[in-house]
Amino acid sequence: MSEKLSWPGDAEIAVALTFDVDGDPSLESIVGAEAAQRLSTASYFRYGPTNGVKRILEVLATRAVPATFYVPGATALAYPDSMRAIAAGGHEIAHHGHHHLKLLGLPAELQRDEVERGVEALQSVTGTLPRGYRAPFGELTPETLALLVTHGFVYDSSCQGDDSPYLEAAGKIVELPFAWELVDASHFFALGDIGRAVGHPDAVMGHWWTEFEEALARQQMLTLVLHPEIIGRGAKLAAFASLIDRMLGTGRTWFATHRQVADLVLAAVVTGSPEERSGAD
Ligand SMILES: [Zn+2]
């Protein structure tokens, strides 16, 4: 985007809280055929769509803050009650694959299955077509980006080409970028032989607060990428709730779903310059 977006009202920053609800149906995409043998690891991931989502929804409801939940189709089918609770809270549910397969090297027909089965599953559980997408493992491919256009998606959140929203796919997809340092797993993914990141919640929230201040000074956008099985536990959730309160306390924060931001970007493009309308990115 060549012109700075303006956020609604007096807001000087847009903050998108996003939760990737991978869940235990995604375990095979992470550990392969061992998934069936790993009861302990499966239980860690099961915590996400069950306890983690419940606790996060309480934190969001208390503060009347909306969020975006990226859910693999298979996880939505396995935990329909959690999906209904998310939707009932006024939050957005977006697409995160079907079996959460890593796209890199995946044959084109399986990439198509991942998109189409995920759409079907989310629509059958929530009654709503997902309009946003985040690639599992945060690696988008040309094949899947083209499928997003074909299937009428409005936005993607898998890339890192700017600090602010920009356009992809010749202007057909709004990109809502994320950053790996703003992903909870980068700091807190401690899981036996799979992950050994044990950050201190207060230190990580301090880091994210500095990122917030930086984005606020530039009147930009901040997307946090969180996982209910990670951030939804103990001291991490308490520290995260305090971070939301601190952001609210500035009186200048627009907490928005990714769909709300994407719609605002599209409206700006329509009324923007001919260069923007042509979809130059
Ligand atoms: Zn994921």
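Residues numbered from 1 in each chain as written. Predicted model: local features only at pLDDT ≥ 70, side-chain atom pairs only at ≥ 80, totals over all residues. Heavy atoms only, no water.

### Looking at the coordination of the zinc ion
Only Asp 22 (OD), Asp 22 (OD), His 96 (NE2) and His 100 (NE2) from the protein coordinate the zinc ion, and they sit 2.1 to 2.7 Å from it. Geometry at the zinc ion is irregular, judged from its four donor atoms and the angles of 51 to 138 degrees they form at the metal. When the donors of the zinc ion are listed by position in the chain, the intervening gaps give D-x73-H-x3-H. Of this pair, Asp 22 sits in the loop between β1 (13-20) and α1 (27-31) while His 100 sits in the loop between β3 (92-95) and α6 (108-126); the two residues are 78 residues apart in sequence, bridging distant segments of the chain. (Donors = N, O, S within 2.8 Å, 3.2 Å for Na, K, Ca; no water. Tetrahedral: all angles 85-135°; square planar, octahedral: opposite > 155°, others 65-115°. Helix = DSSP H or I, 4+ residues; strand = E, 2+ residues; numbered from the N terminus.)

### Some points on the confidence of the model for the protein chain
Across the protein chain, the average pLDDT comes to 93, with 95% of residues at or above 70. Across residues 274-281, where pLDDT falls below 50, the model places 19 contacts with residues more than four positions away in sequence or in other chains. (pLDDT = per-residue confidence, 0-100. Contact = heavy atoms within 4.5 Å.)

### Looking at the nonpolar core
Within the largest apolar cluster, 51 residues are counted, with the highest numbers of intra-cluster contacts made by Leu 17, Phe 19, Leu 60, Phe 69 and Phe 240. When residues no more than four places from it in sequence are discounted, the contact partners of Phe 240 are Leu 17, Phe 19, Met 205, Leu 224, Leu 226 and Ile 231. Formed by 20 residues, the second largest nonpolar core is a distinct cluster that contains Ala 14, Ala 94, Met 221 and Ala 262. (Core = buried A, V, L, I, M, F, W, Y, C linked by side-chain atoms within 4.5 Å. Buried < 20%, exposed > 50% of the residue type's maximum accessible area, 1.4 Å probe, protein only.)

### Notes on the pattern of salt bridges
Opposite charge on two side chains lets them pair, provided their charged atoms get close. If you walk through the whole model with that rule in mind, you get eight salt bridges. Between Glu 34 and Arg 38 there is a salt bridge, and its shortest N-O distance comes to 2.8 Å. For Glu 34, a relative accessible area of 43% gives the class partly exposed. Given a relative accessible area of 18%, Arg 38 falls into the buried group. One salt bridge connects Asp 193 with Arg 38, and the closest N-O pair in it is separated by 3.0 Å. In this pair, Asp 193 is assigned in the loop between β8 (190-191) and β9 (195-196) and Arg 38 in the loop between α1 and α2 (39-46), connecting sequence segments 155 residues apart. Where salt bridges share partners, they join Glu 34, Arg 38 and Asp 193 into one cluster. (Salt bridge = Lys/Arg side-chain N within 4 Å of Asp/Glu carboxyl O.)

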